[in-house]
6 protein chains.
Amino acid sequence: MPFVSVRITKEGATSAQKARVIAEITETLRSVLGKNPATTHVVIEEVDPDNWGVGGLPVPEFRAKLAAPPS
Amino acid sequence: MPFVSVRITKEGATSAQKARVIAEITETLRSVLGKNPATTHVVIEEVDPDNWGVGGLPVPEFRAKLAAPPS
Amino acid sequence: MPFVSVRITKEGATSAQKARVIAEITETLRSVLGKNPATTHVVIEEVDPDNWGVGGLPVPEFRAKLAAPPS
Amino acid sequence: MPFVSVRITKEGATSAQKARVIAEITETLRSVLGKNPATTHVVIEEVDPDNWGVGGLPVPEFRAKLAAPPS
Amino acid sequence: MPFVSVRITKEGATSAQKARVIAEITETLRSVLGKNPATTHVVIEEVDPDNWGVGGLPVPEFRAKLAAPPS
Amino acid sequence: MPFVSVRITKEGATSAQKARVIAEITETLRSVLGKNPATTHVVIEEVDPDNWGVGGLPVPEFRAKLAAPPS
């Protein structure tokens, strides 16, 4: 009876990529834990990068900072 | 102090249907567990069917497969 | 394809009460939204009252404050 | 390794406000619990008010009721 | 920036099995979506079977019913 | 109507620390977004470090690797 929520920043994942994520995670739970695919649900939740923070900054600013040369 | 998250595939639930889901779940928690409706929150999260997988397939493919005659 | 998470403070709900919550929420989603019970999952997550805050206070302090006579 | 999900009703929070929420919650977890900001993620999930219920009513009706004069 | 929550019924998954689930899901998100493992978090949440319902029944009753011969 | 879920690894946070996290996050949502503390809920979910993965490893192994001298 697994339920998997995958939160990612929304950046143009295609339907084919999402289908592969669903297939592979379902297979992982079957092969490692013996979970029945028929009752395994996987939900992909895409989040606007402005709404995701890491290191205390929204993702766009966090990435800009990482990319900046040290001053 | 209940908080209920209801994730469903997004398929045109109306505001009236959502209001009934909210009312009935709140009443279930009141009548069965004695929870105060004033502090009971219910959130309905509608998910694009492409982003929901079951049986290792996105919902649209899972349904097409169920509907197909055995070959 | 619903998935319902019910978070409540842990205060001795019995197995029979939890079974009734599961049955009633599943029935609500079937009768209001036409969702198939076979693919409806309901998970009850019981949280230590010390770990739940409302009004800026952990639940035990919040309740003590509500119960106190005004000074 | 904290992960914080902040669900709020969608009512026009600006990017600047969301950035401040991310910064302050990350700082709270650092100063109170010693959590490393580099591995602290904060996600803000904005919910349509029609999809959020409290007191057994969707938020717009709940607010209208609170605002109505007693009859 | 992925965050993955894996809810499963609590049935004795070992630390080695959980480590493999973490490794494989992280690898899926890297190979399919290009997500950086350093910022990929996977949390496994084990739920008492009494607290998980499917088909309107707690998991132990649901399984007993599936296993019973038709009468 | 905010609901905040704070997932952290379980490492001995005290009741006083958890109360401070609840108070500060509630205050952040009040001062930045104007959210009413009376309807702000904060839940702290403590996760066994074995059940939390980052960088493809359970937290205890991830930390051991970070602490090891380069070979």
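In this report, we go over the structure that sits alongside the text. Predicted, not measured: the structure shown is a model, and the values here were computed from it.

1. Structural notes on the interface of chain E and chain A
Contact residues are listed per partner, giving 27 residues for chain E and 27 residues for chain A. Carbon and sulfur atoms make up 67% of the area that chain E and chain A hide from each other, which totals about 2,400 Å². Put simply, E:Glu11 and A:Lys35 hold a salt bridge, and the shortest N to O gap is 3.5 Å. In this structure, the connection of chain E to chain A is made through 11 residue pairs in polar contact (both at pLDDT 80 or more). Secondary structure elements with two or more residues in the side of chain E that touches chain A: strand 1 (3-9), helix 1 (15-33), strand 3 (52-54) and helix 2 (59-67) of chain E. Looking at which element gives the most residues to the side of chain E that touches chain A, the answer is helix 1 of chain E, with 10 residues. Considering only residue class, the side of chain E that touches chain A consists of 16 nonpolar, 5 polar and 6 charged.

2. Things to note about the sheet that holds strand 1 (residues 3-9) of chain F
Within a beta sheet, neighbouring strands are joined by backbone hydrogen bonds and run either parallel or antiparallel to one another. Read from one edge of the open sheet, 8 strands run 4(A)-3(A)-2(D)-1(D)-1(F)-2(F)-3(C)-4(C), paired in mixed fashion. In this open sheet, the two strands that pair with only one neighbour each are strand 4 (57-58) of chain A together with strand 4 (57-58) of chain C. Two strands pair when backbone bridges link them, and strand 3 (residues 52-54) of chain A and strand 4 of chain A are joined in this way by 2 bridges, in the antiparallel orientation. Among the inter-strand pairings, A:Val54 is bridged to a residue of strand 4 of chain A, identified as A:Leu57. Across the sheet, helix 1 (residues 15-33) of chain F is in contact with strand 3 (52-54) and strand 4 of chain C, strand 1 (3-9) of chain D together with strand 1 and strand 2 (41-47) of chain F; its angle to strand 2 of chain F comes to roughly 140 degrees.

3. A short note on helix 1 of chain F
An ideal rise of 1.5 Å per residue puts 27 Å on 19 residues; helix 1 of chain F measures up with 27 Å between its terminal C-alpha atoms. Every buried residue of helix 1 of chain F is listed here: F:Lys18, F:Ala19, F:Val21, F:Ile22, F:Ile25, F:Thr26, F:Thr28, F:Leu29 and F:Val32. Where the residues of helix 1 of chain F are buried, they touch strand 3 and strand 4 of chain C, strand 1 and helix 1 (15-33) of chain D together with strand 1 and strand 2 of chain F. Positive phi appears at F:Gly34, one or two residues downstream of helix 1 of chain F, with a value of about 70 degrees.

4. Some details on the sheet that holds strand 1 (residues 3-9) of chain B
Across the sheet, 8 strands lie side by side as 4(D)-3(D)-2(B)-1(B)-1(C)-2(C)-3(E)-4(E); this open sheet has mixed pairing. Strands with a single pairing partner mark the edges of an open sheet, and in this sheet they are strand 4 (57-58) of chain D together with strand 4 (57-58) of chain E. With 7 bridges connecting them, strand 1 (residues 3-9) of chain C and strand 2 (residues 41-47) of chain C associate as parallel partners. Residue C:Val4 lies in a different strand from strand 2 of chain C, and its bridge partner there is C:Val42. Lying on the sheet, helix 1 (residues 15-33) of chain B is in contact with strand 1 and strand 2 (41-47) of chain B, strand 1 of chain C together with strand 3 (52-54) and strand 4 of chain D; it crosses strand 2 of chain B at an angle near 140 degrees. Contacts from helix 1 (residues 15-33) of chain C reach strand 1 of chain B, strand 1 and strand 2 of chain C together with strand 3 and strand 4 of chain E, with the element oriented near 140 degrees to strand 2 of chain C.

5. Comments concerning the relation of the copies chain E and chain A
With an RMSD of 0.0 Å, chain E superimposes on chain A once it is rotated by 180 degrees and translated 0.0 Å along the axis. In the structure described here, the two chain copies are related by an operation that fits a two-fold rotation axis. Across chain E, the smallest distance between a C-alpha and the rotation axis is recorded for E:Ser5, namely 2.6 Å. Most of the interface of chain E is mirrored in chain A, where 100% of its interface residues again form contacts.

6. Some thoughts on the environment of D:Gly12
Residues and elements named next belong to chain D. One can find glycine 12 in the loop between strand 1 and helix 1. We classify glycine 12 as exposed; its relative accessible area is 60%. In sequence terms glycine 12 and glutamate 46 are 34 residues apart; their C-alpha atoms lie 9.4 Å from each other.

7. Focus: the packing of helix 1 of chain D against helix 1 of chain F
Two numbers describe how helix 1 of chain D lies on helix 1 of chain F: the axes approach to 10 Å, and their chain directions differ by 165 degrees. Regarding the angle of helix 1 of chain D to helix 1 of chain F, the classification is roughly antiparallel. Classified by chirality, the crossing of helix 1 of chain F by helix 1 of chain D is right-handed. Counting all contacts with helix 1 of chain D, which are made through D:Gln17, D:Arg20, D:Val21, D:Glu24, D:Ile25, D:Thr28, D:Leu29, D:Ser31, D:Val32 and D:Leu33, the residues of helix 1 of chain F involved are F:Gln17, F:Arg20, F:Val21, F:Glu24, F:Ile25, F:Thr28, F:Leu29, F:Ser31, F:Val32 and F:Leu33. Residues of the contact of helix 1 of chain D with helix 1 of chain F, tallied by class, amount to 10 nonpolar, 6 polar and 4 charged.

8. Here we look at the pairing of strand 2 (residues 41-47) of chain E
Burial of strand 2 of chain E is extensive: 6 of the 7 residues sit out of reach of the surface. Handedness of the strand 1 of chain E-helix 1 of chain E-strand 2 of chain E crossover: right-handed.

9. Things to note about the side chain of A:Thr40
Relative to the helices and strands, A:Thr40 is located in the loop between helix 1 (15-33) and strand 2 (41-47). Here the side chain of A:Thr40 touches A:Asn36 through a polar contact of 2.9 Å, landing on its backbone oxygen. Those residues in contact with A:Thr40, other than ones at most four positions away along the chain, are A:Pro2, A:Thr26, A:Leu29, A:Lys35, B:Gly53, B:Val54 and B:Gly55.

10. Looking at the pattern of salt bridges
Summed over all chains, the structure comprises 42 salt bridges over all chains. In this structure, the salt-bridge partner of B:Arg63 is B:Glu11, at a minimum N-O distance of 2.9 Å. Here B:Arg63, found in helix 2 (residues 59-67), pairs with B:Glu11, found in the loop between strand 1 and helix 1; they are 52 residues apart in sequence, far enough to count as distant. Of the charged contacts, one joins F:Arg30 and F:Glu27 as a salt bridge, the two residues approaching to 2.7 Å between their closest N and O atoms. Here F:Glu27 and F:Arg30 lie together in helix 1, a separation of 3 residues that amounts to about one turn. What you see here is one network of salt bridges that share partners, running through A:Lys10, A:Lys18 and A:Glu46.

11. Digging into the packing of aromatic side chains
For any pair of aromatic rings, geometry is given as the distance between the ring centres together with the angle between the planes. This structure, assessed with the given rule, holds 9 aromatic pairs over all chains. What links up through ring pairs into an aromatic cluster is the set A:Phe3, B:Trp52, C:Phe3 and E:Trp52.

12. Considerations on the side chain of F:Thr9
Note on placement: F:Thr9 falls in strand 1. Within the structure, the side chain of F:Thr9 is placed 3.3 Å from the side chain of D:Lys35, a separation counted as a polar contact. A distance of 2.4 Å separates polar atoms of two side chains, one belonging to F:Thr9 and the other to F:Glu11. Among all residues touching F:Thr9, those that are not within four sequence positions of it are D:Met1, D:Lys35, F:Val47, F:Pro49, F:Trp52, F:Val59 and F:Arg63.

What counts as what
Residues numbered from 1 in each chain as written. Chains lettered and ligands numbered in written order. Predicted model: local features only at pLDDT ≥ 70, side-chain atom pairs only at ≥ 80, totals over all residues. Heavy atoms only, no water. Contact = heavy atoms within 4.5 Å. Buried area = accessible area lost by both parts, 1.4 Å probe. Salt bridge = Lys/Arg side-chain N within 4 Å of Asp/Glu carboxyl O. Polar contact = N/O pair within 3.5 Å; in protein donor to acceptor, adjacent residues only side chain to side chain. Helix = DSSP H or I, 4+ residues; strand = E, 2+ residues; numbered from the N terminus. Nonpolar A, V, L, I, M, F, W, Y, C, P; charged D, E, K, R; others polar. Pairing = 2+ DSSP bridges. Axes fitted to C-alpha atoms, helices over the stretch in contact; angles between N-to-C directions. Expected span 1.5 Å × (residues − 1). Buried < 20%, exposed > 50% of the residue type's maximum accessible area, 1.4 Å probe, protein only. Least-squares fit on C-alpha atoms with pLDDT ≥ 70 in both. Parallel < 35°, antiparallel > 145°, perpendicular 65-115°, else oblique. Left-handed = near helix turned anticlockwise from the far one by under 90°. Right-handed = clockwise from strand over helix to strand, strands pointing away. Phe/Tyr/Trp six-rings, centres within 6.5 Å; stacked < 30°, edge-to-face > 60°.

The analysis is restricted to geometry; functional conclusions fall outside its scope.
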